[in-house]
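# What the coordinates show
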Amino acid sequence: MRLDELSAGMNAVIDHIETRTADDIVARRLGELGFVPGEPVKVVAVGPFGGDPMAVKIGFTRFALRRTEAARVILKERA
Amino acid sequence: MVETLPLRAALVGNPNCGKTSLFNQLTGSRQKVANYAGVTVERKEGRLTTPAGRAVRLLDLPGAYSLEATSPDEAVTRDVCAGRYRGEAAPELLICVLDATNLRLHLRFGLEVCRLGRPTIIVLNMLDAAEKEGLKIDLPRLAAELGTPVVGVVAIRKNGAADLLALLDNPPVMPPVLREADGGDIHATVRRLLTECVTRPAVASEALEDRLDRWVLHPVWGLVILLALMFVMFQAVFSWAQPPMDAIESGMTAFGELIRSLLPAGLIRSLLVDGILAGAGTVVVFLPQILILFLWILVLEESGYLPRAAFLLDRVMASAGLSGRSFIPLLSSFACAVPGIMATRTIQNPRDRLVTILIAPLMTCSARLPVYALLISAFIPKRLVGGVFNQQGLVLFGLYMVGIGSGLAVAWAMKRREVTTEHPLLMELPAYRLPSLRDLVLGLWQRAVIFLSRVGTIIVTLSVLLWALSSFPAPPAGATGAPIDYSLAGRLGHLMLPLFAPIGFTWQICVALIPGLAAREVAVSALATVYAVGGSETDAASQLTPILSSQWSLATALSLLAWYVYAPQCFATLAVIRRETGGWKVVAQTAGYLFGLAYLASFLTWRIALALGWGPS
């Protein structure tokens with residue numbers, strides 16, 4: 001499951017970040033912002049138009065991510 | 001004292017770590033704002049003296065999430081920190097500011113900075129907030145792990161940086177000795193440091209952010225709140241500013257009367273009263289409105305609301321081919337397009353950045369406010385609509401909306417010619433914060449100085465020039481018409497008239513358009529000068545409103561309003577576009593398309609107003 005498929009108010013844990021191109025700036029920046037394997041994430045809110053972008057809480061920080069960006073975040077399947 | 005040269009220190013940190021508050025706390029008003037050589041990233045330097053009397057030159061570097069730069073701002077920070085920036089001496093000390101309540105994110109950057117191998121102080125800001133949340137941070141342990149001094153500060157509290165100042169008396173001279181124990185994995189180090197040095201309360205209560213964001217980011221209520229805020233902001237610009245504006249205006253009139261009574265009639269009195277006072281006075285009057293607008297923008301920015309507005313509007317911006325990131329530069333452009341265009345540096349995507357630069361001048365800047373305010377107060381009756389809304393405020397709101405709508409339309413039109421690529425948003429929604437009074441006052445002070453020095457230099461110079469143009473040559477003896485008809489300005493105005501008559505402009509407006517190119521608000525003072533010299537009574541600064549409403553038709557006023565929604569941009573904007581894009585091509589495009597749009601909009605407005613019977617009687 002990917003982060004963009006998570007609905008508002010739901011929690012999950014990051015499995016890994018998918019790199020789309022050889023030099024994927026978005027994927028690298030996600031890592032620098034703390035989107036690393038094992039971190040819990042929560043979708044705080046989704047945008048008013050088409051549910052895009054999404055506000056994601058990771059640790060104590062919130063980030064606004066477009067769905068295409070969130071789709072790079074692969075979540076752990078719940079056991 | 002052993003040292004004679006001041007210590008060169010640089011503040012670094014993530015965006016939203018409270019770095020600028022700390023900078024303001026440390027340096028107060030001893031700040032110099034300029035640009036880095038070659039680029040337009042803002043360079044802020046200040047001076048301070050430590051308790052023991054040691055002088056420190058402190059550089060406030062742009063906020064960065066990583067030294068792997070993805071924007072021009074971050075590139076400046078990376079290069080200055082590494083001592084690779086040309087024309088900038090390598091800092092002798094790095095002061096790395098981390099938000100104590102958000103160490104999970106900020107500590108990673110702190111580690112990157114420590115790894116640079118320069119003498120470093122780690123500053124944990126907002127220690128009070130961290131304690132309130134029940135966080136216990138073991139500073140000595142953290143300092144031992146990082147191998148460099150760690151101090152806590154509360155940047156927004158008086159004397160909140162005392163520990164840091166004391167440490168600056170004897171700053172570290174050796175680079176940090178990091179204990180690398182996690183195989184070089186920076187995230188693993190962060191996690192280890194958090195478990196070893198930070199104790200959290202077992203059950204965290206629901207944070208303020210959670211409760212506020214439920215409303216502020218709500219799909220419906222969020223938009224309602226945003227619209228209400230914007231609407232109140234523009235109403236406030238008109239209503240709150242009125243008393244101070246009235247005071248300034250009567251002060252200016254009294255001053256003019258005083259000079260008139262002291263000096264004999266003649267060229268010098270005319271220059272002082274009609275040229276300088278009428279010119280500068282009509283513009284200084286708008287200082288309260290401009291400050292109120294800036295106050296709103298500063299409060300929204302400092303409180304952490306602006307990125308949330310960007311979140312709500314991202315999809316709207318995306319439909320115009322932009323990202324929510326463009327919202328902040330565009331909102332700044334409501335104050336002035338120059339800082340707005342400079343703020344586009346935070347947009348990583350070059351195309352998004354270019355489009356934002358091109359449409360920034362369509363956001364109604366504060367320099368247009370004097371023109372709008374003058375015309376609205378002269379032609380739009382002051383009455384309540386629906387019992388609550390000031391009709392003048394509504395018209396102003398409408399003008400702003402037309403600007404925004406046009407900007408989005410232009411962005412959309414430009415997007416259609418492009419291949420679609422991904423435009424990243426990836427934006428932090430920072431914690432809500434009560435804006436500190438000191439930061440607001442300093443911010444407003446800097447704006448007031450910029451505005452007044454513009455009045456002092458460009459506007460007074462142009463007013464005097466225009467006064468000369470409209471006073472010479474003097475009418476021949478026995479001439480019957482108004483003196484200005486014989487002057488250079490009058491002739492120039494008549495010369496331009498064939499081009500502008502189809503959109504309802506008078507030759508006096510044509511005269512005022514010329515200096516309006518240099519700075520839009522000068523158009524108001526230019527009108528004052530033209531009518532002051534043209535009329536029999538020379539006390540026009542305070543009488544401009546009734547003169548305009550008696551001499552122009554409503555259609556002319558509306559056409560001029562439409563003109564000013566689009567054009568012309570001021571030279572400062574064109575100059576900053578040239579600097580930001582490194583060429584004249586975009587400058588020519590911007591100026592050209594705006595002139596075309598302005599002419600078209602004025603033409604349509606004029607025709608429609610004529611058809612409605614609002615033309616000259």
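Residues numbered from 1 in each chain as written. Chains lettered and ligands numbered in written order. Predicted model: local features only at pLDDT ≥ 70, side-chain atom pairs only at ≥ 80, totals over all residues.

In the annotation of an unreviewed UniProt entry, chain A is listed under the name Ferrous iron transport protein A and assigned to Acetobacter conturbans.

## What about the overall build of chain B?
If you tally the helices and strands in chain B, you get 26 helices and 12 strands. Among the 617 residues that make up chain B, the fraction classed as buried is 46%. Residue pairs in contact within chain B that sit at least 24 positions apart in sequence constitute 73% of those at least 6 positions apart. (Helix = DSSP H or I, 4+ residues; strand = E, 2+ residues; numbered from the N terminus. Buried ≥ 20, exposed ≤ 12 C-beta atoms within 10 Å, placed from the backbone. Contact = placed C-beta atoms within 7 Å.)

## Section: the overall build of chain A
What chain A contains, in helices and strands, is two helices and five strands. When its helices and strands are written in sequence order, chain A yields β-α-β-β-β-α-β. The C-alpha extent of chain A, read off along each of the three principal axes, is 35 × 30 × 25 Å. Buried residues in chain A amount to 44% of all 79 residues. In chain A, of all internal contacts separated by at least 6 residues, the share reaching a separation of at least 24 is 56%.

## Digging into the packing of helix α3 (residues 103–114) of chain B against helix α7 (residues 186–197) of chain B
All names here are of chain B. As a packed pair, α3 and α7 sit with axes 9 Å apart at the nearest point and diverge in direction by 125°. Comparing their axes, α7 and α3 come out oblique. Between α3 and α7 the crossing geometry is right-handed. Within the contact between the two elements, α3 uses L103, R104, L107, R108 and L111 and α7 uses I186, H187, T189, V190, L193 and L194. Of the residues assigned to the contact of α3 with α7, the class counts are seven nonpolar, two polar and two charged. (Axes fitted to C-alpha atoms, helices over the stretch in contact; angles between N-to-C directions. Parallel < 35°, antiparallel > 145°, perpendicular 65-115°, else oblique. Left-handed = near helix turned anticlockwise from the far one by under 90°. Nonpolar A, V, L, I, M, F, W, Y, C, P; charged D, E, K, R; others polar.)

## Structural notes on the pairing of strand β2 (residues 40–46) of chain A
All names here are of chain A. Within β2, five of the seven residues are buried, which leaves the element mostly enclosed by the surrounding structure. Two strands pair when backbone bridges link them, and strand β1 (residues 11–17) and β2 are joined in this way by three bridges, in the antiparallel orientation. Bridged to A12 within β2 is V41. The pairing of β2 with strand β3 (residues 54–58) spans five bridges and is classified as antiparallel. Looking across to β3, one finds that K42 is bridged to K57. (Pairing = 2+ DSSP bridges.)

## Considering the nonpolar core
Judged by nonpolar contacts, the single largest core of 192 residues is most densely connected at V56 of chain A together with A10, L11, L98, V123, Y372 and L561 of chain B. A per-element tally of this core places helix α12 (residues 287–302) of chain B first, with 11 residues. Contact partners of L561 of chain B, with chain neighbours within four places excluded, come to Y372, L375 and L399 of chain B. (Core = buried A, V, L, I, M, F, W, Y, C linked by C-beta atoms within 7 Å.)

## A few points about the interface of chain B and chain A
Listed as interface residues are 28 residues of chain B and, on the opposing side, 27 residues of chain A. Secondary structure elements with two or more residues in the side of chain B that touches chain A: α3, α8 (208–216), α9 (221–239), α13 (306–319) and β12 (427–429) of chain B. A per-element tally of the side of chain B that touches chain A places α13 of chain B first, with five residues. In terms of residue class, the side of chain B that touches chain A is made up of 13 nonpolar, seven polar and eight charged. As paired strands, strand β4 (residues 61–65) of chain A and β12 of chain B are joined by three bridges and run antiparallel to one another. Across the sheet, the residue bridging to A64 of chain A is M427 of chain B, located in β12 of chain B.

## Regarding the UniProt feature "domain: Ferrous iron transporter FeoA-like" (unreviewed entry) in chain A
UniProt records the feature "domain: Ferrous iron transporter FeoA-like" (unreviewed entry) for residues 1–77 of chain A in the present numbering. Measuring from the first to the last C-alpha atom of residues 1–77 of chain A gives 7 Å, for a span that is 16% helix and 35% strand. (UniProt positions renumbered as here; feature names shortened; annotations may be inferred.)

## Some remarks on the sheet that holds β12 of chain B
The sheet built from six strands is open, its strands ordered β5(A)-β1(A)-β2(A)-β3(A)-β4(A)-β12(B) with antiparallel pairing. Either end of the sheet is taken by a strand with one partner, and the two such strands are β5 (73–75) of chain A together with β12 of chain B. In this sheet, neighbouring strand axes are inclined to one another by 45° on average, regardless of whether the strands run parallel or antiparallel. The pairing of β1 of chain A with β5 of chain A spans three bridges and is antiparallel. When the bridges of β5 of chain A are listed, I17 of chain A appears paired with V73 of chain A. Against the sheet, α13 of chain B contacts β3 and β4 of chain A together with β12 of chain B, and its axis sits at roughly 125° relative to β12 of chain B.

## A closer look at unusual backbone geometry
Residue P53 of chain A is reached from D52 of chain A by a cis peptide bond, and omega for that bond is -5°. Locating P53 of chain A in the fold gives a position in the loop between β2 and β3. The backbone of N16 of chain B sits at a positive phi, close to 65°, despite the residue not being glycine. Looking at the element boundaries, N16 of chain B is found in the loop between β1 (7–13) and α1 (19–27). By the C-beta count within 10 Å, which is 20 here, N16 of chain B ends up buried. Of note, the phi angle at N159 of chain B is positive, near 60°, even though the residue is not glycine.

## Some remarks on the packing of helix α17 (residues 369–379) of chain B against helix α23 (residues 544–551) of chain B
Residue and element names in this part refer to chain B. The N-to-C vectors of α17 and α23 enclose an angle of 65°; their axes lie 9 Å apart at closest approach. The crossing of α17 and α23 is right-handed. In contact with L374, S377, A378 and F379 of α17, α23 contributes L544, T545, L548 and S549.

## Comments concerning the environment of Q289 of chain B
On the secondary structure map, Q289 of chain B appears in helix α12. For Q289 of chain B, the contacting residues outside a window of four places in its chain are V237, A241, L369 and A373 of chain B.

## Regarding the confidence of the model for chain A
Detailed reading of the predicted coordinates is not advisable wherever pLDDT is low. Looking at chain A, pLDDT values average 89 and 99% of them are 70 or higher. At the level of individual helices and strands, chain A shows its lowest average pLDDT in helix α1 (residues 25–32) of chain A, which scores 89, and its highest in β5 of chain A, which scores 94. (pLDDT = per-residue confidence, 0-100.)

## Things to note about the confidence of the model for chain B
Residue and element names in this part refer to chain B. When the pLDDT values of chain B are averaged, the result is 82; 89% of them are 70 or greater. Confidence scores differ between elements of chain B, with strand β2 (residues 31–35) showing the lowest mean pLDDT of 67 and strand β5 (residues 93–99) the highest of 95. The ipTM for the predicted assembly is 0.93, set against a pTM of 0.77.

## Some points on the pairing of strand β3 (residues 42–49) of chain B
Residues and elements named next belong to chain B. Sheet topology note: the β3/strand β4 (residues 55–60) ladder contains six bridges and is antiparallel. Each residue of the ladder has a partner; that of L48, found in β4, is V56. The turn joining β3 and β4, which pair antiparallel and follow one another in sequence, is formed by five residues; a positive phi near 95° is taken by G53.

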